[in-house]
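Remarks on the overall topology
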Amino acid sequence: MAMDLQRHSDLELLDLAAQNPEAFGALYDRHCEAVLRFCYRRTGDAEMAADLAAEVFAAAYVQRRRFRSTGAPVESWLFGIARRQLGTYFRKRTVADKYRSRLGMSTATPPESELHRIEELVDLEPLRLELRAAIQQLPET
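For the structure given in this document, a descriptive report is provided here. Everything quoted here is computed from the prediction, not taken from an experiment. Each chain has its residues counted from 1, following the order in which its sequence is written. Only residues with pLDDT of at least 70 get local features here, since the model is predicted, and only at 80 or more are side-chain atom pairs given and counted; chain-wide, interface and lining totals rely on the full set of residues. Note: side-chain values were computed over all heavy atoms of the structure, leaving out hydrogens and water.

The set of buried Ala, Val, Leu, Ile, Met, Phe, Trp, Tyr and Cys residues whose side-chain atoms join them within 4.5 Å is what this entry labels a nonpolar core. Summary of the burial criterion: residues with accessible area below 20% of their type's maximum are buried, those above 50% are exposed, and those between are partly exposed, where the area comes from a 1.4 Å probe applied to protein chains only. Counting 33 residues, the largest nonpolar core has Leu14, Phe24, Val35, Cys39 and Trp77 as the members making the most contacts within it. A run of H or I in DSSP becomes a helix once it reaches four residues, and a run of E becomes a strand once it reaches two; helices and strands are each numbered from the N terminus. If you list the elements that add at least two residues to this core, you get α1 (10-17), α2 (21-43), α3 (46-63) and α4 (74-103). At 11 residues, α2 tops the list of elements feeding residues into this core. Contacts are assigned to residue pairs with any non-hydrogen atoms lying within 4.5 Å of each other. Setting aside its immediate chain neighbours within four residues, valine 35 contacts Ala53, Val56, Phe57, Leu78 and Phe79.

All axes here are fitted lines through C-alpha atoms, helices being fitted over the stretch that makes contact, and every angle between N-to-C directions spans 0 to 180 degrees. Interaxial distance between α2 and α3 falls to 8 Å at its minimum, and their mutual angle equals 140 degrees. Of the possible angle classes, the one that applies to α2 and α3 is oblique. As α2 runs across α3, the sense of the crossing is right-handed. Facing Pro21, Phe24, Tyr28, His31, Cys32, Val35, Leu36, Cys39, Tyr40 and Thr43 of α2, the residues of α3 in contact are Ala46, Met48, Ala49, Ala50, Leu52, Ala53, Val56, Phe57, Ala60 and Tyr61. Residues are grouped as follows: Ala, Val, Leu, Ile, Met, Phe, Trp, Tyr, Cys and Pro are nonpolar; Asp, Glu, Lys and Arg are charged; every other residue, Gly included, is polar. Split by residue class, the contact of α2 with α3 holds 18 nonpolar, 2 polar and no charged. An angle below 35 degrees is treated as roughly parallel, one above 145 as roughly antiparallel, one from 65 to 115 as roughly perpendicular, and anything else as oblique. Crossing handedness follows the turn of the near helix against the far one: under a right angle anticlockwise gives a left-handed crossing, and clockwise gives a right-handed one.

Every case where a carboxyl oxygen of Asp or Glu lies within 4 Å of a side-chain nitrogen of Lys or Arg is listed as a salt bridge. All chains considered together, the criterion is met by 2 salt bridges. Between aspartate 10 and arginine 30 there is a salt bridge whose closest N-O contact spans 2.7 Å. One end of the pair, aspartate 10, is in helix α1; the other, arginine 30, is in helix α2, and 20 residues separate them in sequence. For the salt bridge of glutamate 33 with arginine 37, the shortest nitrogen-to-oxygen distance reads 3.8 Å. Taken together, the positions of glutamate 33 and arginine 37, both in helix α2 and 4 residues apart, correspond to about one turn of that helix.

All right, on to the side chain of aspartate 10 then. In this structure aspartate 10 comes out as buried when scored by relative accessible area, which is 16%. With sequence-adjacent residues up to four places away left out, aspartate 10 is seen in contact with Leu27, Arg30, His31 and Val74.

Our next topic: a positive patch on the surface. Patch membership is restricted to residues that have no salt bridge and whose relative accessible area is over 30%. Joining uses 9 Å for like charges and 5 Å for the nonpolar side chains Val, Leu, Ile, Met, Phe, Trp and Tyr. With residues, only the protein chains shown are counted as cover, and all accessible areas are computed by Shrake-Rupley using a 1.4 Å probe. In this tally, Asp and Glu contribute negative charge and Lys and Arg positive charge; neither His nor the terminal groups of the chain are included. Note on charges: their place is set at NZ of Lys, CZ of Arg, CG of Asp or CD of Glu. Together, Arg41, Arg42, Arg83 and Arg84 give the surface a local cluster of positive charge. Those elements that provide at least two residues to the positive patch are α2 and α4.

This part covers the environment of alanine 34. For alanine 34, the location among the structural elements is in helix α2. Linking alanine 34 and phenylalanine 79, residues 45 residues apart in sequence, is a C-alpha distance of 9.0 Å. Those residues in contact with alanine 34 that sit more than four places away from it in its chain are Glu75 and Phe79.

What follows covers the state of the cysteines. Throughout, disulfides are identified as pairs of cysteine sulfur atoms within 2.5 Å of each other. Evaluated as defined, the whole model comprises 0 disulfides. The thiol of cysteine 39 is not disulfide-bonded; the next cysteine sulfur, from cysteine 32, is found 9.5 Å away. The exposure class assigned to cysteine 39 is buried, which follows from its relative accessible area of 0%.

So, on to α1. Every buried residue belonging to α1 is among Asp10, Leu13, Leu14 and Ala17, and all of these are buried. Here the buried residues of α1 occupy an arc of 100 degrees about the axis, which is enough to place them on one side. In this description, one arc is meant: the one made by directions from the helix axis to the C-beta atoms.

The contact between α1 and α2 brings their axes to 6 Å, and the two run at 145 degrees. The chirality of how α1 crosses α2 is left-handed. On α2, the residues that touch Asp10, Leu13, Leu14, Leu16 and Ala17 of α1 are Pro21, Ala23, Phe24, Ala26, Leu27, Arg30 and His31. Partitioning the contact of α1 with α2 into residue classes produces 9 nonpolar, 1 polar and 2 charged.

Structure representation (structure tokens):
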């Protein structure tokens, strides 16, 4: 009989994931969009955000048994992993860009429909509105 995983808390899902990988899948489903938005807002690149989000959950799955609750939400733990993944990405990107430039290589781009789907999912419009409002409140120079 299939277990109703959606009724469990994030902490319970992490505990259950030790014996039932589907529990981690439920955790992924619950937080994937938030992690994807987090990565996209820091990279501005839909393809890279998708890759980073996948890396975040791969790392979280590997580290799930070492997770210790501090009272902070599990989502905070995921964002901590995302910050480390982003740091690694920016360090590696600098090196990779340098070598691609030296070799005269360009980067591959996924289909426009995939990028558009991620951008729709991330929905930056509320952030744009907030930014416009903040800019309008800046003093004239």
